[in-house]
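Close look at the chain arrangement
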Amino acid sequence: MQKKIKRFHRLATVRKKDISKEITNSNLVENEIIKNENLIDQINSIMENSKNSSSNKIINSGFFKNNAKLLTTLQSQKNIASNRNKYLRAEKETIRQKIVINNLKKIKAEEKSMEYKRSFISELEKKNFQ
């Protein structure tokens, strides 16, 4: 009986460690999401500035070609960052689900441990009264 109590107590401790590890992972993913959003904002501002700088001016073909190439590169970088952001958000949701599942398993293990403790104590009391 004591082995079962210890086993479920250890299982609850392992689940607590898993939860803290997943929370750390969630925080790291959240930081990456914020960095990605900042990158997308910077790309958007660069694209806006390059569009506005040549509004009413007569531009030569070399400048236009370089500007078009820059905008194409920035757009592809923005697409990559957007796709990465989608992936990170999906990963964050997966981590959140793991946290919830591990928390439920931890609670079950703690309840089982308490149940075995109660039954062990009641068995000891029965033996003492006999």
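Only a predicted model underlies this, so the values are computations on that prediction, with no experimental measurement involved. (Residues numbered from 1 in each chain as written. Predicted model: local features only at pLDDT ≥ 70, side-chain atom pairs only at ≥ 80, totals over all residues. Heavy atoms only, no water.)

1. A closer look at the overall build of the chain
Quick note on the threshold: Every helix listed is a DSSP run of H or I at least four residues long, and every strand listed is a run of E at least two residues long, numbered separately from the N terminus. Note that the radius of gyration is over C-alpha atoms, with the globule rule given as 2.2 Å times the number of residues to the power 0.38. Accessibility here uses a 1.4 Å probe with only protein chains present; expressed as a share of the type maximum, an area under 20% marks a residue as buried, one over 50% as exposed, and anything in between as partly exposed. Here, two residues are considered to be in contact whenever any of their heavy atoms come within 4.5 Å of each other.
A count of helical and extended segments in the chain gives two helices and zero strands. For a compact globule of 130 residues, the expected C-alpha radius of gyration is about 14 Å, and the chain comes in at 29 Å, more than 25% above that figure. Along the first, second and third principal axes, the C-alpha atoms of the chain reach 105 × 15 × 15 Å. A burial count over the chain gives 22% of its 130 residues as buried. Across the chain, every contact between residues at least 6 apart in sequence was considered, and the portion connecting residues at least 24 apart equals 94%.

2. A look at a nonpolar patch on the surface
The line we're drawing: Patch definition: residues with relative accessible area over 30% and no salt bridge; like charges joined within 9 Å; nonpolar side chains (Val, Leu, Ile, Met, Phe, Trp, Tyr) joined within 5 Å. Under the convention used here, a 1.4 Å probe and the Shrake-Rupley method define accessible areas, while residue burial counts only the protein chains that appear. For this document, the term salt bridge refers to a Lys or Arg side-chain nitrogen within 4 Å of an Asp or Glu carboxyl oxygen.
A cluster of nonpolar side chains, contributed by Val100, Leu104 and Ile107, occupies part of the molecular surface with about 240 Å² of accessible area. Of note, Leu104 is situated in helix 2 (residues 61-129).

3. A closer look at the pattern of salt bridges
Counted under the stated rule, the structure contains seven salt bridges. Here Arg84 ties to Glu32 by a salt bridge, and the two come within 3.2 Å at their closest N and O atoms. Of the two residues, Arg84 is situated in helix 2 and Glu32 in helix 1 (residues 2-52); the sequence distance between them amounts to 52 residues. According to the relative accessible area criterion, Arg84 is partly exposed, its value standing at 37%. Take Glu32: its relative accessible area is 26%, and that puts it in the partly exposed class. Among the charged side chains, a salt-bridge network with shared partners connects Glu32, Lys35 and Arg84.

4. Focus: the environment of Ile80
Topologically, Ile80 is positioned in helix 2. Classification of Ile80 as exposed rests on a relative accessible area of 52%. For the pair Ile80 and Asp18, spaced 62 residues apart in sequence, the C-alpha separation works out to 31 Å.

5. Topic: the nonpolar core
The test is simple: Among the buried residues, those of types Ala, Val, Leu, Ile, Met, Phe, Trp, Tyr and Cys that are joined through side-chain atoms within 4.5 Å form a nonpolar core.
If you look at the biggest cluster of nonpolar residues, it comprises six residues: Ile19, Val29, Ile33, Leu88, Ile95 and Ile99. Elements represented by at least two residues in this core include exactly helix 1 and helix 2.

6. Some words on the environment of Glu48
Relative to the elements of secondary structure, Glu48 occurs in helix 1. Through-space distance from the C-alpha of Glu48 to that of Leu71 is 9.7 Å; in sequence the pair is 23 residues apart.

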